Each structure stands twice: as C-alpha cells, then as structure tokens.
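Coordinate inspection notes
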Amino acid sequence: MDMNKSWFEIDAGIQIETLGQVCSINRHPDRQGVPYWILVLVEKGQRTLYANRQPLTVGAHQFFLLPPYTDQKPMENDDHTALYVHFYARGEGCPPPIRVSAHRMILPSYGNLPTDFDCISHLRYLCAHALTPYADPEFLSEQLKALLMILSLECQRDPDPMAHKSFSMDSLADFIKENSCRRLRAEDYEKAFGKSYHHINLLFKKHFGVTAKQYHMKVRMQYAAQMLLSGHSLQATAEACGFDDYYFFINSFTKEHGIPPAAYRKKNGG
C-alpha cells in the first residue's frame, strides 16, 4: 500500500447507492467526481488504482475506503475477487484515533479486515439480499452501518497494522521459535501482531491444541535439551533460555522431558 493513510469520521445516516461483487481480471474504473463513498473488500488477489494520483495496492483480506469526489485511475490489470458498496453519508476527514470509541464511526482509507468476524460473507449476504423481492433499503443500510462499525472498531484498536507482523498461525509459531531464548509476555505478542493476547491465544489453542505459553515452553525446553547435549552447563543453559529461577528451569525441563536436565544429559551422552 503506497497511499498515505487518511482517516474519516462518517455519520450514521447511510443510504446505499449500489453494491455487488467482482470476480474477474480487469482494471479499476476511471472515475472522477462521483458523489458517494466507495468501500471495497478484497477477498482474493489484489486491487490496484490511483486515488487522487497516489498509488494504492490492496491485497486479500484487506479493504479500502474512498470518500466522495475522489479521482480514481486504473493502475494494473488485476485478477481479483472483491465485494463493493457505494453509499451516501455525511463525513469528513479527521485525525487518527488516539483511543477507541465505540460510538464513533472512524475509518482509514485502507486497512486489514478483522480475523474474528467475516466481513466478506456479511457483505456478500447483503449483495444477495438486495436482489430478492424482499430487499428493504432500511435493512440494507442498517446492516452496512453494522459492518462499518465493526471495521471502525478493528481499525481504531490497531491504527497502524502495517507496523506489525502479518498474522497467521505459521507466523505466530515462527515468532515463538525466534524467541526461544527469552521469556515472552502478553504485551510482546500484542506489540508484534497488533492483536489482544486473549484473541491470539484463543486462535492458537484452537489451531495447535495448546496455548501459546505452553508451546513457547516446549520450544524453550527443546532448545535447552540441544544446549545440554552440546556441553553447556545447567546454569548457562537456564540463563540462555531466559530462566531467572534456576530451580524453575529444572522443574520445567523435568516436566517436559520426564527426566531432570542433569540425568537427561548423562543418559544421552552430553
């Protein structure tokens, strides 16, 4: 994403103009002077464009938001799947949030979609509902408002997601392995990935069957075993693995390997 991030505060009064889905290889439309907001959720591939002459590239599971009268020019021929909605609402530019407000709809010009709510399925449902005989403009507007509020809260909690590591189970496991020589606190995970430790831990346990803390301890004990077999002393191994308490290290090692560290080294010829 090359475009400088802007922030907007949008009023709750929302009226949908059009909404739909794109699944094709094409270029972003050349638009000038359209009087409505444009919200695009990218499901697959990427969308590239110039917004007020600034390049913008948005990838899968990300979104972008363009205010009324934004000059838009195509950039590349994109192979992508995306959902879009054009809507009318009062709004204006605002500073980036310094604290989270659940009562204000504050959104950036681009960002990541939440991992704990399926915004794409929500908007796809609205697109399908709009084509039925039972489509109700007020219902659609209220559902779009709910979607925007969810995006707003996500982005307010993490105003600069590009400063964090890309979040996935593999990247989280790699982060833990990279930190096998130190203690990890909840704030270390939150600083690295820009998400609450509680949320990270729920996803990790669901995927791996153990908590992030338990996995980290297992990694540290594997590293400790390698050090012992390489000839390092128990004290040096404990310190290298981030243990301030020598006896806690011994108990942790014994719990993981079923044998105290000194006996482990002797048994395995270290």
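Values in this document were obtained by computation on a predicted structure and should not be read as measured data.

As a further point, take the overall build of the chain. Counting its secondary structure elements, the chain contains nine helices and eight strands. In terms of principal-axis extent, the alpha carbons of the chain reach across some 75 × 35 × 35 Å. By the burial criterion, 44% of the 270 residues in the chain qualify as buried. For the chain, restricting intrachain contacts to residue pairs at least 6 apart in sequence, the fraction spanning at least 24 positions comes to 74%. In the form shown here, the chain has an accessible surface area of approximately 14,500 Å², with 50% of it arising from carbon and sulfur atoms.

Packing of helix α6 (residues 212–229) against helix α8 (residues 246–257) leaves a shortest axis separation of 10 Å and a crossing angle of 100 degrees. The orientation of α6 relative to α8 falls into the category roughly perpendicular. Residue-level inspection shows Met217, Lys218, Met221, Gln222, Ala224, Ala225 and Leu228 of α6 in contact with α8, the latter providing Phe248, Phe249, Ser252, Phe253, Glu256 and His257.

This part covers the packing of aromatic side chains. Tallied over the entire structure, the rule returns 13 aromatic pairs. Ring geometry for Phe243 and Phe248: centres 5.7 Å apart, planes at 55 degrees, overall tilted. Aromatic side chains Phe249 and Phe253 sit 6.1 Å apart centroid to centroid with 55 degrees between the ring planes, which places their arrangement in the tilted category. Of this pair, Phe249 and Phe253 both sit in helix α8, four residues apart, which is roughly one turn of the helix.

Another aspect to go through is the environment of Gln156. Here Gln156 lies in helix α2 (residues 137–157). Residues Gln156 and Asp79, 77 residues apart in the sequence, show an inter-C-alpha distance of 30 Å. Reaching out from Gln156, the side chain makes a polar contact with the backbone nitrogen of Ser101 at a distance of 2.8 Å.

This paragraph deals with the state of the cysteines. The full count for this structure, using the stated rule, is zero disulfides. Not part of a disulfide, Cys23 finds its nearest cysteine sulfur in Cys127, a span of 13 Å. Classification of Cys23 by relative accessible area gives exposed; the value is 60%. Considering cysteine sulfurs only, Cys119 is the nearest to Cys155, which forms no disulfide, with 9.2 Å between them.

Right, let's get into the pattern of salt bridges. Scanning the model with the defined rule gives 11 salt bridges in all. For Glu9, the salt bridge is made with Arg104, and the minimal N-O distance between the two is 2.7 Å. In this pair, Glu9 is assigned in strand β1 (residues 7–26) and Arg104 in the loop between β6 (78–94) and β7 (105–108), connecting sequence segments 95 residues apart. The class of Arg104 is partly exposed, set by a relative accessible area of 36%. Close ionic contact of Arg90 with Asp11 constitutes a salt bridge, the shortest N to O distance being 3.1 Å.

This brings us to the nonpolar core. Membership of the largest hydrophobic core comes to 32 residues, with the highest contact counts inside it found for Leu39, Leu41, Phe87 and Leu144. Mapped onto this core, the elements with two or more residues apiece are β1, β2 (37–51), β4 (62–66), β6, β7, α1 (119–130) and α2. The element that contributes the greatest number of residues to this core is α2, accounting for seven residues. Within the second largest apolar cluster, 15 residues are counted, among which are Ile176, Leu184, Tyr197 and Ala212.

What follows covers the environment of Phe208. Tracing the chain through its elements places Phe208 in helix α5 (residues 197–208). For the pair formed by Phe208 and Lys191, sequence separation is 17 residues and the distance between their alpha carbons is 22 Å. Here Phe208 is in contact with Met169 and Ala173, once residues within four sequence places are set aside.

Turning next to the pairing of β6. Bridging between β1 and β6 involves 16 bridges; their strand directions are antiparallel. Counted as the bridge partner of Asn26 is Asp78 from β6. Sheet analysis places β2 next to β6, joined by eight bridges and oriented antiparallel. The partner of Gly45 across the bridge, within β6, is His80.

About the criteria used
- Residues numbered from 1 in each chain as written.
- Predicted model: local features only at pLDDT ≥ 70, side-chain atom pairs only at ≥ 80, totals over all residues.
- Heavy atoms only, no water.
- Helix = DSSP H or I, 4+ residues; strand = E, 2+ residues; numbered from the N terminus.
- Buried < 20%, exposed > 50% of the residue type's maximum accessible area, 1.4 Å probe, protein only.
- Contact = heavy atoms within 4.5 Å.
- Areas by Shrake-Rupley, 256 points an atom, 1.4 Å probe, with all protein chains shown as cover.
- Axes fitted to C-alpha atoms, helices over the stretch in contact; angles between N-to-C directions.
- Parallel < 35°, antiparallel > 145°, perpendicular 65-115°, else oblique.
- Phe/Tyr/Trp six-rings, centres within 6.5 Å; stacked < 30°, edge-to-face > 60°.
- Polar contact = N/O pair within 3.5 Å; in protein donor to acceptor, adjacent residues only side chain to side chain.
- Disulfide = S-S within 2.5 Å.
- Salt bridge = Lys/Arg side-chain N within 4 Å of Asp/Glu carboxyl O.
- Core = buried A, V, L, I, M, F, W, Y, C linked by side-chain atoms within 4.5 Å.
- Pairing = 2+ DSSP bridges.

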